[in-house]
Protein chains: 2
Amino acid sequence: MKVLAILYKGFRAAKEEPRLLGTVENELGLRPYLESKGHKYIVSSSKDGPDSDLAKHIKDVDILITTPFHPGYLTRDLVDQAKNLKLCVTAGVGSDHIDLNAAQDKKIEVLEVSGSNVVSVAEHVVMSILLLVRNFVPAHEQITRGDWQVSDIARNAFDLEGKTIGTIGAGRIGHRVLQRLKSFNTKELLYYDYSPLPPDAEKEVGARRVDTIEELVKQCDVVTINAPLHEGTLGLINKEMLSNFKPGAWLVNTARGAICVAEDIAEAVKSGHLNGYAGDVWNMQPAPKDHPWRYMKNPLGGGNGMVPHYSGTTLDAQARYAEGTRKILENFFDGKPQDPATSSWAAATPKDQYGTTGKHSM
Amino acid sequence: MKVLAILYKGFRAAKEEPRLLGTVENELGLRPYLESKGHKYIVSSSKDGPDSDLAKHIKDVDILITTPFHPGYLTRDLVDQAKNLKLCVTAGVGSDHIDLNAAQDKKIEVLEVSGSNVVSVAEHVVMSILLLVRNFVPAHEQITRGDWQVSDIARNAFDLEGKTIGTIGAGRIGHRVLQRLKSFNTKELLYYDYSPLPPDAEKEVGARRVDTIEELVKQCDVVTINAPLHEGTLGLINKEMLSNFKPGAWLVNTARGAICVAEDIAEAVKSGHLNGYAGDVWNMQPAPKDHPWRYMKNPLGGGNGMVPHYSGTTLDAQARYAEGTRKILENFFDGKPQDPATSSWAAATPKDQYGTTGKHSM
């Protein structure tokens, strides 16, 4: 069989650090295994446009491996050209870069390494909440430029204790975020999800479910998005929804960039209506040099906690998603059943549900 | 009575933000109260050298109010000149800027607003651990300078899950750090303290006590210091102690800068022996422009999470320590007993104990 992997380039870092498995150079560590089985393995970062390696090879590959960090966009047009494609594996979590309906029409299986990096992302959420609320970035910048003026930082620094925090989505990641926030003695933890947490899980994290997203954001000092991208969440946080946020609220989004309208977020931060926005996901990846989320700041010079898309690709996560990808391939070649938790179909939730995936493996 | 407060200047920030109570401009909100009682209230940021307001007024003040953020150093020499001084109040926690032995000799009471910002500092510790382990700072810098190279960040980004974390000191702050780390599914939580946690608290946080600091740091991926500065902790983390750390460990210190030897820390970060160092306390405050902690980086361009001393002076904390200072003054003027938890004498622990204060109010 012919296997194509679309990964990000690691350059010197990948040569120096063999644990950077998710790079073009280190090939998810799959080459010896695939070649020993007689398969052909092609790895590239070239993914956009008709001359890309993705467009070129899609015509005859049997298996396509992609990641959310450097997403190879599998459109319906490419699916139609993919005469031999039987399996798409997302090395990570979230397959919104794949047209799931088109794949389903062609009976192409789409699997992801569920659970491989949900902890990594949940940790990034908690970190991002803390660094926005506590005003870390301008404080560190003040030090590195040789200054010292405590009042300029303290005037917009707060404690998480006593605040109300809510998550849009309480699936595998959102639930872990709530678990980690529980000990911060917050005023209240809220969640919105079309599907409630199991009663024991809800009790364990001490979170209260609210019925609508509007109701959630109206009450929250901090909102975090932990829901998949689909037609029901695309552009969910726009100017209108932002008008429901408390003035000075903070927003953290490590789910998918396109759940938020980029210009609306940037405007809200610049006006101070949002005191800050942080996350690692962008509506285009790599983000263009002039993307407004790179440079937006609140009126007090802070409120930007953006990073490239890496929260789910720590070295610990890479070991897990490389291993999980191999397991999926082994099952596929051996005709064994896949772990049901690896199915990405659950992500294709109906428009009116704004749902989250993977309840079953929570 | 004559009351002197040494606070940091807030400049424009203090004029625009009345909740910046701990500034020269906003005077801890105490002027109306003190003047209504007929007391004289002097507020200044001038604290260093023989011509400072501290040195000038110390000769006849009855009450001195200071903070750890802009410490007015009350040396034995100044205590000897302080003929009327009866009470020192630290608006915050940690009175190491006051010569406690000299004060005790002159029967000057030294009280601090215990508990006013222990949560604020504990949150800062957890934030700092996360941002070092997850390699946040170079990731954010990459975005703001217009770049995108995930591998350069991911090669030194890890999850907190599965790591061993230890605190030197498990008093009011260290205990709260352990409580907040508990849900991160770490491999193990360790603590060193001359006094063990109460059995139920130890069980609640799931931490194991170790007998020596050397034993603690040898096992830890992350070490955090939550102990007061006294002669037993001054220079505790030096070149020799650092040789016991695991290569690539991270160190977070929000206790006092002088517990670490500045040059030894900077060398360890530059060599990569420490993968990172973060905190808000410095051996001199304000830190000089050429302080090595401002600019040190690990060989991969990260590992520096330094900020000015503000973790305990969030707006939430300022409200608490201003209120607590007023309560101490009210008790003093009315001849009422002080809350025993406000005594700072517990900080003057013997040299062989490296202790932490305030167990009683944990």
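Residues numbered from 1 in each chain as written. Chains lettered and ligands numbered in written order. Predicted model: local features only at pLDDT ≥ 70, side-chain atom pairs only at ≥ 80, totals over all residues. Heavy atoms only, no water.

Asker: Lay out the relation of the copies chain A and chain B in plain terms, naming residues and giving numbers.
Answerer: Mapping chain A onto chain B leaves a residual RMSD of 0.0 Å; the transformation is a rotation of 180° accompanied by 0.0 Å of translation along its axis. Expressed as a symmetry operation, the mapping of one chain copy onto the other fits a two-fold axis. Measuring from the rotation axis to each C-alpha of chain A, the shortest distance belongs to A:M127, at 2.9 Å. Here 100% of the interface residues in chain A have copies in chain B that are interface residues too; the copies meet face to matching face. (Least-squares fit on C-alpha atoms with pLDDT ≥ 70 in both. Contact = heavy atoms within 4.5 Å.)

Asker: Can you explain the interface of chain A and chain B? Please cite residues and give values.
Answerer: Counting residues at the interface gives 71 residues for chain A, matched by 72 residues for chain B. A buried area of about 6,000 Å², summed over both sides, lies between chain A and chain B, and 60% of it is on carbon and sulfur atoms. Taken as a group, A:R134, A:W148 and A:R155 account for 13% of the area that chain A buries against chain B, more than any other trio of residues on that side. Remark: the boundary between chain A and chain B carries 10 salt bridges. With a shortest N-O distance of 2.9 Å, B:D159 and A:R320 are connected by a salt bridge. Between the two partners, chain A and chain B, sit 42 residue pairs in polar contact (both at pLDDT 80 or more). Those elements giving two or more residues to the side of chain A that touches chain B turn out to be helix 1 (11–16), helix 6 (118–133), helix 7 (136–144), helix 8 (150–154), helix 9 (172–181), helix 14 (292–295), strand 12 (304–306) and helix 15 (315–334) of chain A. Taken together, the residues of the side of chain A that touches chain B sort by class into 31 nonpolar, 22 polar and 18 charged. (Buried area = accessible area lost by both parts, 1.4 Å probe. Salt bridge = Lys/Arg side-chain N within 4 Å of Asp/Glu carboxyl O. Polar contact = N/O pair within 3.5 Å; in protein donor to acceptor, adjacent residues only side chain to side chain. Helix = DSSP H or I, 4+ residues; strand = E, 2+ residues; numbered from the N terminus. Nonpolar A, V, L, I, M, F, W, Y, C, P; charged D, E, K, R; others polar.)

Asker: Explain the pattern of salt bridges residue by residue, including any values.
Answerer: If you walk through the whole model with that rule in mind, you get 43 salt bridges over all chains. The partner of A:K163 in a salt bridge is B:D316, and the shortest N-O contact between them spans 2.9 Å. Of this pair, A:K163 sits in the loop between helix 8 and strand 6 (164–168) while B:D316 is found in helix 15 (residues 315–334), placing the two residues in two different chains. B:E330 serves as the salt-bridge partner of B:R326, at 3.0 Å between the closest nitrogen and oxygen. A residue pair is termed a helical-turn pair when its members lie 3 or 4 positions apart in one helix, as B:R326 and B:E330 do in helix 15 at 4 residues. Connected through shared salt-bridge partners, A:E123, A:R320, B:R134 and B:D159 make up one network.

Asker: Just give me the short version of the domain arrangement of chain A, but keep the residues and values in it.
Answerer: Residues and elements named next belong to chain A. Considered domain by domain, chain A is made up of domain 1 (2–116 + 313–347) and domain 2 (118–306). Look at where the C-alpha atoms of domain 1 and domain 2 centre, and you get two points 30 Å apart. In this complex, domain 1 contributes 18 residues to the contact, which on the side of domain 2 involves 8 residues. Roughly 970 Å² of surface becomes buried between domain 1 and domain 2 when both sides are summed, with 41% attributable to carbon and sulfur atoms. (Domains from an automatic or database assignment.)

Asker: Talk me through the sheet that holds strand 12 of chain A; I want residue IDs and the actual numbers.
Answerer: Residue and element names in this part refer to chain A. With parallel pairing, 7 strands are arranged side by side in an open sheet as 8-7-6-9-10-11-12. Each of the sheet's edge strands pairs with one partner strand only, and the pair in question is strand 8 (207–209) and strand 12. Direction aside, the axes of adjacent strands within the sheet are offset by 20° on average. As paired strands, strand 6 and strand 9 (residues 222–225) are joined by 4 bridges and run parallel to one another. Its bridge partner being in strand 9, I165 is matched across the sheet by V222. This element, helix 6, spans strand 6, strand 9, strand 10 (249–253), strand 11 (274–279) and strand 12 of the sheet and lies at about 155° to strand 10. (Pairing = 2+ DSSP bridges. Axes fitted to C-alpha atoms, helices over the stretch in contact; angles between N-to-C directions.)

Asker: Account for the packing of helix 6 (residues 118–133) of chain B against helix 9 (residues 172–181) of chain B, with residues named and values stated.
Answerer: Residues and elements named next belong to chain B. Packing of helix 6 against helix 9 brings their axes to within 8 Å, and their N-to-C directions diverge by 50°. What the angle tells us is that helix 6 and helix 9 run oblique. As helix 6 packs across helix 9, the resulting crossing turns out to be right-handed. Where helix 6 approaches helix 9, its residues V118, V119, V121, A122, E123, V125, V126 and I129 are matched on the opposing element by R172, I173, R176, V177, R180 and L181. Looking at the contact of helix 6 with helix 9 residue by residue, the classes come out as 10 nonpolar, no polar and 4 charged. (Parallel < 35°, antiparallel > 145°, perpendicular 65-115°, else oblique. Left-handed = near helix turned anticlockwise from the far one by under 90°.)

Asker: Outline the packing of aromatic side chains, listing residues and values.
Answerer: Given two aromatic rings, their pairing is described by the distance between the two centres and the angle made by the two planes. Here the structure, examined in full by the defined rule, presents 13 aromatic pairs over all chains. Between A:W282 and A:W293, the aromatic rings sit 6.0 Å apart at their centres with planes inclined by 45°, giving tilted as the arrangement. Linking A:W282 in the loop between strand 11 and helix 14 with A:W293 in helix 14, this pair joins segments that are 11 residues apart in sequence. Classification of A:W282 as buried rests on a relative accessible area of 4%. Exposure remark for A:W293: the relative accessible area of 0% places this residue in the buried category. Pairing B:F69 with B:Y321 gives two aromatic rings, centres 5.8 Å apart and planes at 25°, and the pair type is stacked. Pair noted here: B:F69 is in the loop between strand 3 (63–66) and helix 4 (76–81) and B:Y321 is in helix 15, with a separation of 252 residues, a long-range link. B:Y321 matches B:F69 in its accessibility class, with the two residues each being buried. Pairwise contacts between aromatic rings join A:W148, B:Y277, B:W282 and B:W293 into one cluster. (Phe/Tyr/Trp six-rings, centres within 6.5 Å; stacked < 30°, edge-to-face > 60°. Buried < 20%, exposed > 50% of the residue type's maximum accessible area, 1.4 Å probe, protein only.)

Asker: A description of the sheet that holds strand 2 (residues 40–44) of chain A should follow, citing residues and the corresponding values.
Answerer: All names here are of chain A. Reading across the sheet, the 5 strands line up as 2-1-3-4-5 and stay open at both edges, with parallel pairing between neighbours. Since the sheet does not close on itself, it has two edges, and those belong to strand 2 and strand 5 (109–112), each with one partner. Direction aside, the axes of adjacent strands within the sheet are offset by 15° on average. Relative to strand 4 (residues 87–90), strand 3 (residues 63–66) runs parallel, the two being bridged by 4 bridges. Bridge assignment links I63 to a residue of strand 4, and that residue is L87. Running at roughly 160° to strand 4, helix 15 makes contact with strand 3, strand 4 and strand 5 of the sheet.

Asker: Give me the lowdown on the environment of B:L242, citing residues and values where you can.
Answerer: Residue and element names in this part refer to chain B. Tracing the backbone shows L242 in helix 12 (residues 239–242). Residue classification places L242 among the buried residues on the basis of a relative accessible area of 4%. C-alpha of L242 to C-alpha of D96: the two residues are 146 residues apart in sequence and 24 Å apart in space. Ignoring any residue separated from it by four or fewer positions in sequence, one finds L242 in contact with I237, D264, I265, A268, H273 and L274.

Asker: Requested: an account of the UniProt feature "site: Important for catalytic activity" (unreviewed entry) in chain A, with residues and values cited.
Answerer: As annotated by UniProt and renumbered to match this structure, "site: Important for catalytic activity" (unreviewed entry) occupies A:R256 and A:H309. For the residues just named, distributed over 54 residues, the greatest C-alpha separation is only 9.7 Å, placing them together at one site. Position of A:R256 among the secondary structure elements: in the loop between strand 10 and helix 13 (262–271). By relative accessible area, A:R256 is classed as buried at 11%. From its side chain, A:R256 meets the backbone oxygen of A:V93 in a polar contact 3.1 Å long. Mapped onto the elements, A:H309 comes out in the loop between strand 12 and helix 15. Given the relative accessible area of 4%, A:H309 is considered buried. With near-sequence residues (within four places) excluded, A:H309 lies in contact with A:P68, A:F69, A:R256, A:D280, A:V281, A:Q285, B:W148 and B:V150. (UniProt positions renumbered as here; feature names shortened; annotations may be inferred.)

Asker: Tell me about the state of the cysteines, residues and numbers included.
Answerer: If you walk through the whole model with that rule in mind, you get 0 disulfides over all chains. Sulfur of B:C220: no disulfide; nearest cysteine sulfur belongs to B:C260 and is 14 Å away. (Disulfide = S-S within 2.5 Å.)

Asker: Describe helix 9 of chain B, listing the residues and the values that go with them.
Answerer: Where burial is concerned, most of helix 9 of chain B is hidden: 9 out of the 10 residues are buried. Burial in helix 9 of chain B covers these residues: B:R172, B:I173, B:G174, B:H175, B:R176, B:V177, B:L178, B:R180 and B:L181.

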